[in-house]
Structure formats: C-alpha cells, structure tokens
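Summary of structural features
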Amino acid sequence: MTRTEQTTWRPGTVREAAGGLVALTLATFVAITTELVPVGLLPQISTDLEVTESVAGLLVTVYAFMVAALAIPLTLGTRRLPRKGLLLVTLVAYTVSNALVGIAPSFGLVAAGRAVGGIAHALFFSLSIGYASRLVLPQVTGRALALVTAGASAGLVLGVPLSTALGIAVGWRNGFLVLAAGCALATILVATLLPPVSGDDAPHADHTRTDRRRRLGIVSSANTLTYLAQYTVYTYVSVILLATGLAETAVGPVLLGLGAVGLVGTAYAALSLDRNPRRGTLVVHAVMALGLLALGVAFPSRVGVLVAAAVWSGAFGAMASVFQTAAIRTRGASPDIIGALVNSTANIGIGGGAALGGLVLVGPGLGALPYVGAGLLAVSLVVIVVARRSFPTLADPAEGNDA
C-alpha cells in the first residue's frame, strides 16, 4: 500500500463516487461475460471440439473452481499491493484468457485459457467488492454495490447473449476474440476513470469479532447454496431452451431477454438493501424458488418455460447485491477478504452447480434440473429465515437487530 493510496480518495456519496462506480461497473460487465460466455455456446463448443455437452460444461466448472480455490490465498498474498494496479492486472489477464480460448486448437488448451481467466477472476471480484465499499459512505453501501452489480446483470443482458449470437453467426472462437477486445477496452477505461483507494481498513479486534465472523460465515454459506441452485440449471439453459423446440438462432435473443428481466431484480436490490435488506432478501429467494419450480412443471412447453425462466431470472438479478451487501455489513473482515470470501463461495456454487447439472443430465435427465435447483434454493431460504442476525431488518447491524 502506498502513501498515495492512503490519501487520494475519501469515501463520499454515490454521486461523488460516480466516476469510480461507473469504471467498476464496466469492468464487472466484461468479467461476468468472460465467466459465463461458454453457457450460451456449449452446443457449438462441444460439436467443434468433439466432446459431450456435459464435458463442455466443465469449462464453467474449471473456471469456477479456480476462483474458489485461489480467491482467498491470492487476496491475502496481494493485500499490500496498490488496489488499482492490481485490478488492472486482472483485466489484462481476462484479455489474455479470451484471446487464448479464441485461438486454441484443442479442448485441453481451451481449458488452459479458461484457467487463466479463473485466476484473474479469483482476484477481480475480491477487489471490486472491496473497492466499491471504499468509494462510498457506509450508509449507501447497498446502493453502490447494486450499481456495480448492474455490470454483472448487463453481462447477462448484453454480454453473454450478444457473444452467443455472435458466436453462432461467425463462430464461437471469434466470439471469444471479440470479447478479448472488449476486455482490453475496459482496461483502458478503468485506468482512466477509477481513483485509487486505501487498502488499510481491516476491522478492529474487540469482543464482537467472533460474532461478526460467525455472521459472515452464515452469509457465505447461504451464498454458496444460492449459486449452487442457480448454476445447476443456468449452466445448461441453452440446452433446456433447445429442448423446447426453440431454434438455435433464437437462443441468443432469449438469453438477452432473460438478462433484461434480471435488471429488474438488480433495481429492486438497489431500492431495498439500504432500507429493509432482510425483507428484500427473503422476497427474491422466494420468487426465484417459485420460478424454478414453475420451470420444472412447464418443461418442455416452450411458452411455459420462457415465462418461468423470466421469473427465475428476474429474482436472481438481485442475488449478487444481496450477498455482497450482507457480507460487507457483517464487518467480519476487511472489505477485500470479505470480497474474496463472497467470490470464492459464489464460485464454489457456480462450479458445483455446473458439475451437479452435468450429473443430472446423464442421470435423471434434463427435466429434473429445475427441481434440483429449487430444492437447493429452499435450503438457502431456510438458512436466511433462521439466521436473523446475519440477514437483519436494519441496514446496519450495528444499529440493532430483530433477533
């Protein structure tokens, strides 16, 4: 950590931090697009590389498990380095990762390129969550994180569907190469817009530390379960859509629409997380569970699947903001470590979901995926209902709780 970083930026309002938040939103957009772009291109990748769709799904699993394994060690190992410089390094690594995947001649080398992206991802979201919380005052943390998370929603709304449509039109490899160019552009924009921040804000040790860490652990566990539920199903959403009789060329536009609905959830999070975060958390989990159950009941009806998927996707659009904000407000560790933990547990869920979904595909079959996802989400919802101190009604746990 440098003296410049210690003195350059003082936390302010969302408006005062707008430039930095915009930069983080742009970076988050390319990061989430890089992570999830194989989802829409699984059929093309599996055909071209002569592997099954469940094996191609491992491109999501390998990436996610790299993040899960490395997020905390890399964050700890780099905690004294300048935050902005380190964030720029991760964006360069995303650029390299997508370029490697675009030119790799075999599945093994494609997986290696994805591993490079996984290493970058292990640091990126740990940094971005902590970075956003340092740009603003504590009372507007939820709004700031929701704005940055809008970049993730935009990745689903625009990045993944457009990459899918582009990959289908001109080849999946060219889709990855265009994404590499987008990552390079984001690197330049972040270097220009994002102010440096201090990394010296670890919580003080006191008699509440054990309780704060316990609450952070509960939030992280619920985060894992929710992402496990989501990606057991979403990793194979293009396969589900094709099984309803949807044309291959329509998959990209449908994913675009589902991502757009996800922005509704993100907007709801921005409105609720600084007012009554517990109610907002319960609402989006209940709606998502109902959407997944409806998906299972409707499959393989095309109209029913599309309607249910819209409900499910809308609710999931709030989840990143929900868990990032809840974790930061536990004050169970420094923002970077909290970011690493949220990042790691989310990717345990992403990778585990992709793997579990693959097992369900070769076992009970495609129609069982939504029910498995709904069951996992129900467990997460139970955790949230019981853990009132980890998911309090008040925006700031220090102000009180309803336990």
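The protein goes by MFS family arabinose efflux permease in an unreviewed UniProt entry, where it is assigned to Cellulomonas humilata. Quoted verbatim from the Subcellular location (unreviewed entry) field of the UniProt record, the comment on the protein reads "Cell membrane".

Moving on, we come to empty space enclosed by the protein. Within this structure, the stated rule accounts for five cavities of 30 Å³ or more. For the largest cavity, the calculated volume is near 290 Å³. As for the largest cavity, its lining consists of 24 residues, of which Ile 32, Phe 125, Ala 152, Tyr 227 and Ala 320 are closest to the centre. The dominant element in the lining of the largest cavity, judged by the number of residues it contributes, is helix 15 (residues 335-362), at five residues. Residues of the lining of the largest cavity, tallied by class, amount to 15 nonpolar, eight polar and one charged.

Counted by the stated rule, this structure contains nine aromatic pairs. When the centroid spacing of 5.4 Å and the interplanar angle of 75 degrees are considered together, the rings of Tyr 227 and Phe 316 count as edge-to-face. Placement of Tyr 227 in helix 9 (residues 209-234) and of Phe 316 in helix 13 (residues 302-316) is noted, with a sequence separation of 89 residues between them. Measuring from ring centre to ring centre gives 6.2 Å for Tyr 234 and Trp 312, while their planes differ by 75 degrees; the resulting arrangement is edge-to-face. Remark: Trp 312 occurs in helix 13 and Tyr 234 occurs in helix 9; sequence separation between them is 78 residues. Each member of the pair, Tyr 234 as well as Trp 312, carries the same accessibility label: buried. Among the aromatic residues, those joined into a cluster by ring pairs are Tyr 227, Tyr 231, Tyr 234, Trp 312 and Phe 316.

Quick look at the packing of helix 9 against helix 12 (residues 277-298) now. Running from amino to carboxyl end, helix 9 crosses helix 12 at an angle of 25 degrees, the nearest separation of the two axes being 12 Å. Put simply, helix 9 runs roughly parallel to helix 12. Relative to helix 12, the crossing made by helix 9 is left-handed. Between helix 9, through Thr 226, Gln 230 and Val 233, and helix 12, the contact on the second element is made entirely by His 285, Met 288, Leu 292 and Leu 295. Considering only residue class, the contact of helix 9 with helix 12 consists of four nonpolar, three polar and no charged.

Further remarks concern unusual backbone geometry. When glycine is set aside, most residues are seen to have a negative phi, and most peptide bonds are trans. Each neighbour pair has its own omega, and for Phe 299 with Pro 300 the value is 10 degrees, a cis peptide bond. Its place among the elements puts Pro 300 in the loop between helix 12 and helix 13. You will see that Glu 50, though not glycine, has its phi angle at about 60 degrees, which is positive. Take Glu 50: it is sitting in the loop between helix 2 (18-49) and helix 3 (53-56).

Right, let's get into the environment of Tyr 236. Mapped onto the fold, Tyr 236 is located in the loop between helix 9 and helix 10 (237-243). Between the C-alpha atom of Tyr 236 and that of Gly 151, which follows or precedes it by 85 residues, the distance is 22 Å. Look past the residues within four positions of Tyr 236 in its chain and what remains in contact with it is Leu 42, Glu 53, Ser 54, Gly 57, Ala 354, Gly 357, Gly 358, Leu 361 and Leu 369.

Reading the values: the criteria
- Residues numbered from 1 in each chain as written.
- Predicted model: local features only at pLDDT ≥ 70, side-chain atom pairs only at ≥ 80, totals over all residues.
- Heavy atoms only, no water.
- UniProt positions renumbered as here; feature names shortened; annotations may be inferred.
- 1 Å grid on protein atoms, 1.4 Å probe; cavity = no way out; pocket = protein on both sides within 12 Å on 5 of 7 lines; lining within 4 Å.
- Points joined across faces, edges and corners; volume = space filled by probe spheres on them.
- Helix = DSSP H or I, 4+ residues; strand = E, 2+ residues; numbered from the N terminus.
- Nonpolar A, V, L, I, M, F, W, Y, C, P; charged D, E, K, R; others polar.
- Phe/Tyr/Trp six-rings, centres within 6.5 Å; stacked < 30°, edge-to-face > 60°.
- Buried < 20%, exposed > 50% of the residue type's maximum accessible area, 1.4 Å probe, protein only.
- Axes fitted to C-alpha atoms, helices over the stretch in contact; angles between N-to-C directions.
- Parallel < 35°, antiparallel > 145°, perpendicular 65-115°, else oblique.
- Left-handed = near helix turned anticlockwise from the far one by under 90°.
- Contact = heavy atoms within 4.5 Å.

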